[in-house]
Amino acid sequence: MDGSLTPVEPRRAATVMLLRDTPAGPAVHMLRRKASMAFAGGAYAYPGGGVDPRDGDHLVGWAGPSREDWAGRLATDPRTAQAIVCGAVRETFEEAGVLLAGETPGTVVGDTTGDDWEADRAALVARELSFAEFLDRRGLRLRSDLLGAWARWITPEFEPRRYDTWFFVAALPEGQRTRNASTEADRTVWIRPADAAAGYDRGELLMMPPTISTLRSLEPYGSAGDALTAAAAQDLTPVLAEASLENGEVVLSWPGHDEFTKHVRLGGTP
């Protein structure tokens, strides 16, 4: 034994920065994870979660860029790309009650708060129903054109729980409204990215590095539409933390994101 550890294989995940326009500029929908959660407890995050492999099993109703286009953007194959995009849309529905899908390529469903919608949402959360099956049952097309891929972060290799997460941006569809539908969150807010980042800087809002980084990257945009348009030019090179030993300290760094660099004394504290 050389003392080295085999990294846990990261699980694919998708999360969505849902935006809506306000007189003061776009606001993003965030939820605060319950303190009891094993991963990122107490932290503010976006709706998101693990990708369900079943969502790549068969072709689903689809609108917008093709699966092949998405595969190129996400650096994967079409089947996996479909599952990732389905994961982003499904998690937004599961955790915020917002559904980026419609009966035709140019429409989006309206109110999704009825009992029948809630029954389907609960079945999705319990994984009794795949999102592909849900779309088929409802006769809906996933509106992939309402999503823009924004960033990709991979949990450091030394962490016991690891995720390979694609971050997307989307605008709140007209006629729909968010709600705290997640069992993992104790609070939800609409907040301007600059205000959320200021709260983080003051130590008032806890966030993981990918969250605060993507928040800061949203600050320049004057509307949800501007951000969605800008998504096509965002760099999706995976961000993966690195660990090195320097002068008796373990240095944790995220390439291109110096603000998150940490120095940990061996046998001590940061």
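Structural notes, computed from the coordinates. (Residues numbered from 1 in each chain as written. Predicted model: local features only at pLDDT ≥ 70, side-chain atom pairs only at ≥ 80, totals over all residues. Heavy atoms only, no water.)

Considerations on the overall build of the protein
In terms of regular secondary structure, the protein is built from seven helices and 14 strands. A compact globule built from 270 residues should have a C-alpha radius of gyration of about 18 Å, and the protein, at 19 Å, falls within 12% of that. Counting only C-alpha atoms and orienting by the principal axes, one finds that the protein spans roughly 60 × 50 × 35 Å. The buried share of the protein, reckoned over its 270 residues, is 48%. (Helix = DSSP H or I, 4+ residues; strand = E, 2+ residues; numbered from the N terminus. Rg over C-alpha atoms; globule rule 2.2 N^0.38 Å. Buried < 20%, exposed > 50% of the residue type's maximum accessible area, 1.4 Å probe, protein only.)

What about the packing of helix α1 (residues 67-74) against helix α2 (residues 78-96)?
Where α1 contacts α2, the two axes come as close as 8 Å, and the packing angle between them is 85°. By the angle between their axes, α1 is roughly perpendicular relative to α2. Contacts between α1 and α2 pair Arg67, Glu68, Trp70, Ala71 and Leu74 from the former with Pro78, Ala81, Gln82, Ile84 and Val85 from the latter. For the contact of α1 with α2, a count of residues per class yields seven nonpolar, one polar and two charged. (Axes fitted to C-alpha atoms, helices over the stretch in contact; angles between N-to-C directions. Parallel < 35°, antiparallel > 145°, perpendicular 65-115°, else oblique. Contact = heavy atoms within 4.5 Å. Nonpolar A, V, L, I, M, F, W, Y, C, P; charged D, E, K, R; others polar.)

What to know about unusual backbone geometry
Here the phi dihedral of Ala75 falls at roughly 60°; this positive angle occurs in a residue that is not glycine. Relative to the assigned elements, Ala75 resides in the loop between α1 and α2. You will see that Arg127, though not glycine, has its phi angle at about 60°, which is positive. Take Arg127: it is sitting in the loop between α3 (115-125) and α4 (131-138).

Some remarks on the sheet that holds strand β7 (residues 141-143)
Taken together, three strands build an open sheet; the order of strands is β5-β7-β6 and the sheet is mixed. Edge strands, defined here as strands with exactly one partner in the open sheet, are β5 (62-63) and β6 (101-102). Of the strand pairs in this sheet, β6 and β7 are connected by two bridges, and their pairing is antiparallel. The residue bridging Gly102 from the neighbouring strand is Arg141, located in β7. (Pairing = 2+ DSSP bridges.)

What about the nonpolar core?
Counting residues in each nonpolar core, the largest one holds 40 residues, and the members touching the most others are Trp70, Leu74, Leu99, Phe131, Phe134, Leu147 and Phe168. Of all elements in the fold, only β1 (11-20), α1, α2, α3, α4, β8 (147-154) and β9 (163-171) reach the threshold of two or more residues within this core. It is α2 that contributes the most residues to this core, nine residues altogether. Look past the residues within four positions of Leu74 in its chain and what remains in contact with it is Ala81, Ile84, Val85, Ala149, Arg152, Trp166, Phe168 and Leu236. The next biggest cluster of nonpolar side chains, apart from the first, holds 29 residues, and it includes Val28, Ile191, Leu218 and Ala231. (Core = buried A, V, L, I, M, F, W, Y, C linked by side-chain atoms within 4.5 Å.)

Some remarks on the side chain of Arg67
Among the secondary structure elements, Arg67 is positioned in helix α1. It turns out Arg67 is buried and unbridged, and the closest side chain with the opposite charge, Glu68, is 5.9 Å from it. Not counting residues up to four positions away in its chain, the partners in contact with Arg67 are Leu59, Val60, Trp62, Pro78, Ala81 and Gln82. (Lys, Arg positive; Asp, Glu negative; His and termini not counted. Salt bridge = Lys/Arg side-chain N within 4 Å of Asp/Glu carboxyl O.)

Such coordinate-based values are descriptive only and should not be taken to indicate function.
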